[in-house]
Amino acid sequence: MNWGVFEGLLSGVNKYSTAFGRIWLSLVFIFRLLVYVVAAERVWSDDHKDFDCNTRQPGCSNVCFDHFFPVSHIRLWALQLILVTCPSLLVIMHVAYREAKEQRHRAAGGDDCRCIYPNPGKKRGGLWWTYLLSLIFKAGVDVVFLYIFYRFYRNYTLPRLVKCELPPCPNVVDCFISRPTEKNIFTLFMVVTACVCVMLSLIEAAYLIGKRCRECLLASSGESRWHSQDCTFSCAEPAGTGGQVFHGADYKPLTASIPPTASSPGTLPEEEEALP
């Protein structure tokens with residue numbers, strides 16, 4: 001497998017991810033993929049060759065090794081990494097589909113036509129569901145593989161000595177594992193990093209759901225406020241009156257009483273009235 005090409009494809013998810021998604025991506029590359037390629041693969045390269053049993057019975061060591069190690073750690077980790085990263089590639093394919101659809105729409109309607117996806121990478125509509133389901137799938141894959149490792153290797157550790165009595169072994173034989181302490185350290189390291197990735201995926205899923213619920217609540221509150229304002233305006237001005245108010249025939253407008261002043265003609269001084 002060409003891990004360089006695989007890493008290059010997966011790194012395109014970085015620009016479509018949230019902050020939690022970028023942390024998850026860095027954790028997968030640095031603490032899982034690079035550790036797998038650089039160190040872990042070499043540690044388990046001699047697991048079958050150096051599995052020694054204190055017998056020369058033909059086929060005994062092969063049967064005992066297959067019984068205690070049904071699936072190699074390396075192959076399980078490789079399958080886990082592939083399944084965990086496939087949903088991220090699905091997000092890239094969904095964004096590429098949106099971009100291609102937008103280009104076909106512009107080619108058919110011209111540059112002045114209305115855009116279907118103004119921002120193809122924005123997590124809205126189907127892309128939001130694709131991203132959310134990818135997070136749930138990634139967390140589920142890690143949990144399933146953690147359970148598989150626990151079932152195959154109790155407490156995620158390898159014993160130094162195993163006793164085997166399966167045929168064709170003549171009796172109970174002792175078999176010794178190569179470098180069990182180093183393998184236990186790498187196993188626990190990979191288990192811890194997988195648990196952290198599960199937590200990050202669940203936190204990011206909760207963040208997306210909470211953000212979406214907040215946007216819906218704000219939108220609904222804005223619509224209700226706008227509706228209440230419309231009702232207030234419609235009640236203040238009756239329909240068809242144009243803002244005018246009509247009164248009955250016996251209506252008398254109120255007039256303010258103005259006190260007489262010296263300039264008023266009906267209020268001359270008494271001295272002027274006595275003149276001939």
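Going by the structure above, here's the rest.
For every chain, the first residue of the written sequence is number 1, and numbering continues from 1 onward in sequence order. pLDDT decides what is reported in this predicted model: residues at 70 or higher carry local features, side-chain atom pairs at 80 or more are listed and counted, and totals for whole chains, interfaces and linings draw on all residues regardless. Only hydrogens and water are set aside when side-chain values are computed; all heavy atoms of the structure are taken into account.

Engineer: I tried to follow the environment of Glu41 on my own but got confused; where do I start?
Structural biologist: Take Glu41: it is sitting in helix H2 (residues 19-43). Given a relative accessible area of 37%, Glu41 falls into the partly exposed group. Contacts are residue-level and defined by heavy atoms, with any inter-residue pair within 4.5 Å sufficient. Beyond its immediate sequence surroundings of up to four residues, Glu41 is in contact with Tyr36 and Ile74. Think of it this way: any DSSP run of H or I at least four residues long counts as a helix, any run of E at least two long counts as a strand, and we number them from the N terminus. The cut-offs for exposure are 20% and 50% of the maximum accessible area for each residue type, with area from a 1.4 Å probe on protein chains only; residues under the lower value are buried, those over the upper are exposed, and the others partly exposed.

Engineer: What should I look at first to understand the packing of aromatic side chains in this one?
Structural biologist: What characterises a pair of aromatic rings is the spacing of the ring centres plus the angle enclosed by the ring planes. A pair of Phe, Tyr and Trp rings is counted when the ring centres sit within 6.5 Å of each other, with Trp represented by its six-membered ring. The angle between the planes then sorts it: under 30 degrees is stacked, over 60 is edge-to-face, the rest tilted. If you walk through the whole model with that rule in mind, you get ten aromatic pairs. Centroid distance Phe51 to Phe65: 5.3 Å. Interplanar angle 70°. Geometry classified as edge-to-face. With Phe51 in the loop between H2 and strand S1 (52-53) and Phe65 in helix H3 (residues 60-68), this pair connects stretches of sequence that are 14 residues apart. We note that Phe51, like Phe65, is buried. Grouped by ring-pair contacts, the aromatic residues Phe51, Phe65, Phe69, Phe152 and Tyr153 constitute a single cluster. The cationic tip of Lys138 hangs over the ring face of Trp24; the distance from NZ or CZ to the ring centre is 3.8 Å. In this scheme, the term charge over a ring applies when either NZ of a lysine or CZ of an arginine sits within 6 Å of the ring centre and within 35 degrees of the ring normal.

Engineer: Explanation requested: a nonpolar patch on the surface in the structure shown.
Structural biologist: Together, Ile30, Phe31, Leu34, Val37, Val38 and Phe189 line one region of the surface with nonpolar side chains, adding up to about 490 Å² of accessible area. The greatest single-element share of the nonpolar patch, amounting to five residues, is contributed by H2. To count toward a patch, a residue needs a relative accessible area above 30% and no salt bridge. Like charges then connect within 9 Å, nonpolar side chains (Val, Leu, Ile, Met, Phe, Trp, Tyr) within 5 Å. Surface accessibility follows the Shrake-Rupley procedure with a 1.4 Å probe radius. Residue values consider only the protein chains on display as shielding. Any carboxyl oxygen of Asp or Glu that lies within 4 Å of a side-chain nitrogen of Lys or Arg is treated as forming a salt bridge with it.

Engineer: How should the state of the cysteines be read in this particular structure?
Structural biologist: Disulfide: a covalent bond connecting the sulfur atoms of a pair of cysteines. Any pair of cysteine sulfurs within 2.5 Å is marked as a disulfide. Throughout the structure, instances matching the rule amount to three disulfides. Paired through a disulfide, Cys60 and Cys169 show a sulfur-sulfur distance of 1.9 Å. Its torsion about the S-S bond being 100°, the disulfide of Cys60 and Cys169 is classed as right-handed. Placement of the pair is Cys60 in helix H3 and Cys169 in the loop between strand S2 (161-164) and strand S3 (173-176), with a sequence separation of 109 residues. Along the protein chain, the cysteines that take part in disulfide bonds pair up as 1-6, 2-5, 3-4, counted in sequence order. Left unpaired, Cys195 is separated from the closest cysteine sulfur, that of Cys197, by 9.3 Å.

Engineer: So what exactly am I meant to see when it comes to the side chain of Ser134 here?
Structural biologist: On the secondary structure map, Ser134 appears in helix H5 (residues 126-152). Beyond its immediate sequence surroundings of up to four residues, Ser134 is in contact with Pro87 and Val91.

Engineer: Sorry, what's going on with the nonpolar core here?
Structural biologist: Looking at soluble globular proteins, one finds that nonpolar side chains tend to be buried together. Think of a nonpolar core as a cluster: buried Ala, Val, Leu, Ile, Met, Phe, Trp, Tyr and Cys residues, connected wherever their side-chain atoms sit within 4.5 Å. Residues Phe51, Cys64, Trp77 and Cys175 are the most contacted members of the largest nonpolar core, which totals 42 residues. Broken down by secondary-structure element, the contributors of at least two residues to this core are H2, H3, helix H4 (73-109), H5, S2, S3 and helix H6 (180-236). Of all the elements, H2 adds the most residues to this core, at ten residues. Beyond its immediate chain neighbours, meaning those up to four positions away, Phe51 contacts Ser61, Cys64, Phe65, Phe69, Val162, Cys175, Phe176 and Ile177. The next biggest cluster of nonpolar side chains, apart from the first, holds ten residues, and it includes Val91, Trp128, Tyr131 and Ala205.

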